[in-house]
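# Survey of secondary and tertiary structure
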Amino acid sequence: QVQLVESGGGLVQAGGSLRLSCAASGSTFSINAMGWYRQAPGKQRELVASITNGGRTNYADSVEGRFTISRDNAKNTVYLQMNSLKPEDTARYYCKGSTWPAYGMDYWGKGTLVTVSL
């Protein structure tokens, strides 16, 4: 089992920055990739950014150049640095830990709310 706890959300004005954190505990050895997803009211959950154990990153087109995902393996923590925030970035942000293909499970945190005002 893996537990994921997000933090760092809040209210920020457009153009501002936030850094989200996702702390993993439990069977963290089984995780081979971590990702940040978001879900706005009335919309489907979507991938924001992901990072593999090898450090390979992937970003949604909508956040490319503004958001940066990183990980601290010693702390079992993944970060999402969000700059130049826009009102359309408003959503609940979720952390996901993937254990595919070896263990075949995805784990999710409960999310942290990010609200970007004009």
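Above: the structure in question.
All values derive from a computational prediction rather than experimental measurement.

## Looking at the environment of Leu 4
Within the fold, Leu 4 resides in strand 1 (residues 2-7). In contact with Leu 4, not counting residues within four places along its chain, are Cys 22, Ala 23, Ala 24, Met 34, Cys 95, Lys 96, Gly 97, Tyr 107, Trp 108, Gly 109 and Lys 110.

## Let's talk about the sheet that holds strand 3 (residues 18-26)
Pairing within the open sheet is antiparallel, and its four strands lie in the order 1-3-8-7. Pairing within the sheet leaves two strands with one partner each, and these edge strands are strand 1 and strand 7 (67-72). Each adjacent strand pair in this sheet contributes to an overall mean axis angle of 15°, direction not counted. Bridge count between strand 3 and strand 8 (residues 77-82): six bridges; the pairing is antiparallel. Its bridge partner lying in strand 8, Ser 21 is registered against Tyr 79.

## Topic: the state of the cysteines
Applying the stated criterion to the full structure yields one disulfide. Here Cys 22 pairs with Cys 95 through a disulfide, and the sulfurs are 2.1 Å apart. Taking the torsion about the sulfur-sulfur bond, which here is approximately -80°, the covalent link between Cys 22 and Cys 95 counts as left-handed. Of this pair, Cys 22 sits in strand 3 while Cys 95 sits in strand 9 (residues 91-98); the two residues are 73 residues apart in sequence, bridging distant segments of the chain. Relative accessible area serves as the criterion here: at 0%, Cys 95 is assigned to the buried category.

## A short note on the environment of Thr 68
With respect to the secondary-structure elements, Thr 68 resides in strand 7. The contact partners of Thr 68, leaving out residues within four places of it in the chain, are Tyr 59, Tyr 79, Leu 80 and Gln 81.

## Looking at the side chain of Glu 6
Tracing the sequence through the fold places Glu 6 in strand 1. Arg 92 provides the closest opposite charge to the buried, salt-bridge-free Glu 6, at an N-O distance of 6.8 Å. At 2.8 Å, the side chain of Glu 6 and the backbone nitrogen of Cys 95 are in polar contact. Setting aside residues up to four positions removed in sequence, Glu 6 forms contacts with Ser 21, Cys 22, Trp 36, Tyr 93, Tyr 94, Cys 95, Gly 109, Lys 110, Gly 111 and Thr 112.

Quick notes on the rules
Residues numbered from 1 in each chain as written. Predicted model: local features only at pLDDT ≥ 70, side-chain atom pairs only at ≥ 80, totals over all residues. Heavy atoms only, no water. Helix = DSSP H or I, 4+ residues; strand = E, 2+ residues; numbered from the N terminus. Contact = heavy atoms within 4.5 Å. Pairing = 2+ DSSP bridges. Axes fitted to C-alpha atoms, helices over the stretch in contact; angles between N-to-C directions. Disulfide = S-S within 2.5 Å. Buried < 20%, exposed > 50% of the residue type's maximum accessible area, 1.4 Å probe, protein only. Lys, Arg positive; Asp, Glu negative; His and termini not counted. Salt bridge = Lys/Arg side-chain N within 4 Å of Asp/Glu carboxyl O. Polar contact = N/O pair within 3.5 Å; in protein donor to acceptor, adjacent residues only side chain to side chain.

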